[in-house]
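Okay, here's what each chain looks like letter by letter:
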Amino acid sequence: MSKQIERAGIPVVHACSIVPISKTVGANRIVPTIAIPHPFGDPDKSPEQEKKMRKELVQKALRALATPIDQQTVF
Amino acid sequence: MSTKYRVIYCLNQFFGGLGGEDKAYQPPQLFDGARGPGILLEKLFPDIQIAATLIVGDNYFAEKTEAALREILGVLTPLFEAQDDDKPHVLLAGPAFNAGRYGLTCGAICRAVRECFAIPTVTAMYPQNPAVEEYKKDVLIARAGEDVMGMEEAVRSMAVLAIKQLQGEELLPDRDGYIPHGQRKNYFAEKTGAVRAVDMLLQKLAGEPFVTEYPMPVFDRVQPAPPVRDMAGARLARVTSGGIVPRGNPDKIEAASASRFGVYSLQGLSAFSGETHQTAHGGYDPTFANADPNRVLPLDVVRELESEGAFGSLHGSYYATVGNGTSVANAEKYGCEIAKLLLADGVQAVILTST
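Please read all numbers here as calculations on a predicted model, not as lab measurements. (Residues numbered from 1 in each chain as written. Chains lettered and ligands numbered in written order. Predicted model: local features only at pLDDT ≥ 70, side-chain atom pairs only at ≥ 80, totals over all residues.)

1. Quick look at the confidence of the model for chain B
Here comes step 1: Overall, the predicted model of chain B reaches an average pLDDT of 94, with 99% of residues at or above 70.
Here comes step 2: Across the interfaces of the predicted complex, the ipTM metric reaches 0.97, alongside a pTM of 0.80. (pLDDT = per-residue confidence, 0-100.)

2. Structural notes on helix H10 (residues 300-308) of chain B
Helical periodicity: at 3.6 residues per turn, an α-helix aligns residues three or four positions apart in one direction.
Here comes step 1: Within H10 of chain B, burial applies to Asp300, Val301 and Val302 of chain B.
Here comes step 2: Buried-residue contacts for H10 of chain B involve helix H3 (47-65) of chain A together with strand E11 (313-314) of chain B. (Buried ≥ 20, exposed ≤ 12 C-beta atoms within 10 Å, placed from the backbone. Helix = DSSP H or I, 4+ residues; strand = E, 2+ residues; numbered from the N terminus. Contact = placed C-beta atoms within 7 Å.)

3. What about the environment of Pro298 of chain B?
Here comes step 1: Within the secondary structure, Pro298 of chain B sits in the loop between helix H9 (287-291) and H10.
Here comes step 2: Judged by the 30 C-beta atoms lying within 10 Å of it, Pro298 of chain B falls in the buried class.
Here comes step 3: Measuring from C-alpha to C-alpha, the distance between Pro298 of chain B and Arg238 of chain B comes to 8.9 Å, with 60 residues separating the pair along the chain.
Here comes step 4: With residues up to four places along the chain from it excluded, the contact list for Pro298 of chain B reads Phe40, Arg54 and Val58 of chain A.

4. Description of the sheet that holds strand E4 (residues 90-93) of chain B
Backbone hydrogen bonds are what pair the strands of a sheet, in a parallel or an antiparallel way.
Residues and elements named next belong to chain B.
Here comes step 1: Taken together, six strands build an open sheet; the order of strands is E2-E3-E1-E4-E5-E6 and the sheet is mixed. One side of each edge strand has no neighbouring strand; the edge strands of this open sheet are strand E2 (29-32) and strand E6 (140-143). Averaged over all neighbouring strand pairs, the angle between strand axes comes to 25°, with direction disregarded.
Here comes step 2: Against the sheet, helix H1 (residues 37-44) makes contact with strand E1 (5-12) and strand E3 (48-56), and its axis sits at roughly 170° relative to E3, the strand it touches most.
Here comes step 3: Along the sheet, helix H3 (residues 65-80) makes contact with E1, E2 and E3, crossing E3 at roughly 150°. (Pairing = 2+ DSSP bridges. Axes fitted to C-alpha atoms, helices over the stretch in contact; angles between N-to-C directions.)

5. Re the interface of chain A and chain B
Here comes step 1: Contacts between the two partners involve 45 residues from chain A, matched on the other side by 54 residues from chain B.
Here comes step 2: Only helix H1 (2-7), strand E1 (12-16), helix H2 (19-25) and H3 of chain A provide two or more residues apiece to the side of chain A that touches chain B.
Here comes step 3: Take the side of chain A that touches chain B: its biggest share by element is eight residues, from H3 of chain A.
Here comes step 4: Partitioning the side of chain A that touches chain B into residue classes produces 26 nonpolar, 12 polar and seven charged.
Here comes step 5: With four bridges joining them, E1 of chain A and strand E13 (residues 349-353) of chain B adopt parallel strand pairing. (Nonpolar A, V, L, I, M, F, W, Y, C, P; charged D, E, K, R; others polar.)

Dropping the structure here:
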């Protein structure tokens, strides 16, 4: 799905927990996330900490979208 | 003694009978004898005896691959220090069908065990399993069906490949049903390459079918799109394969092999909650996503960043499907359809989240 959207000319950042799969399938901008059942959260942390981690990850994803790349890049 | 071949069999928590997604963080553990598909294997091939079954959880392996591999090699080492008659001859893993995490696990274990203990290893996967690209060069991967319906056939192929390797027989991808390693082999042909090439050209000119001797590899790569120049003015959309849908799953998106995607409004929503949304995904433990769907598809912090001006505006809808055994062809189709909708709505950047 990332590739087809990018093929249409819209930059996509793929935020996922299993980076090797994203790489072999061929996403271009990849942001590794926290864990498979909760990529943007961590139930072991306090709600405040969890939200802070989530916000940082989204900020990282936005930075990736604004970064020029000429090949597959893991941020 | 009728038993000739001692096998180590690797399975995930599910096929090993330990449990479902609730046991996906199971560390590597060795069990005596056969379990799950191993029982079928022993029944089909009386010459094979499963000496031990190694079970490792899908998430445990996928999230800490390097450490998990070291642990696995450590757990297996005592088996190779046994008396000669008791040493394992071969390791089988899977079949992993179209399961991504399980495929990575099987591929990585097969490669590491062959390198570390110098025994043949065999796994089986659906050719479009994402792990095939990563491991086909180094690992013998029997072609398997997409799902568990193909169990018996896959187990048979794995066993035949294992036995042939142990007997020192030559293997060929087409004849023996495995995914080519991409190696070339010399042989004596009756006609020279020049004659064969001209024959092919004549067939091509005559519109007749012919088979190339050197298929070109297919690399489906997409040129990276240019970055977003003006993030403060950009319209951002979110797409997910993590199955986040409104409570009740109005489009009935399937928990596995999804046949559709959904388009859901974000009007008036400042965050997802367990009351408004849920996951429809059947490939991970839903407890954490159902308690707080922002953990899979963040909305709360995205709204905050929107009001802080980190990007222009959030698109009014999000797009969701379930990426669990979903075929590549279907995923491509959903991607194309979503791309059209995004272009029509003037979206300039996408965050796509996966579990």
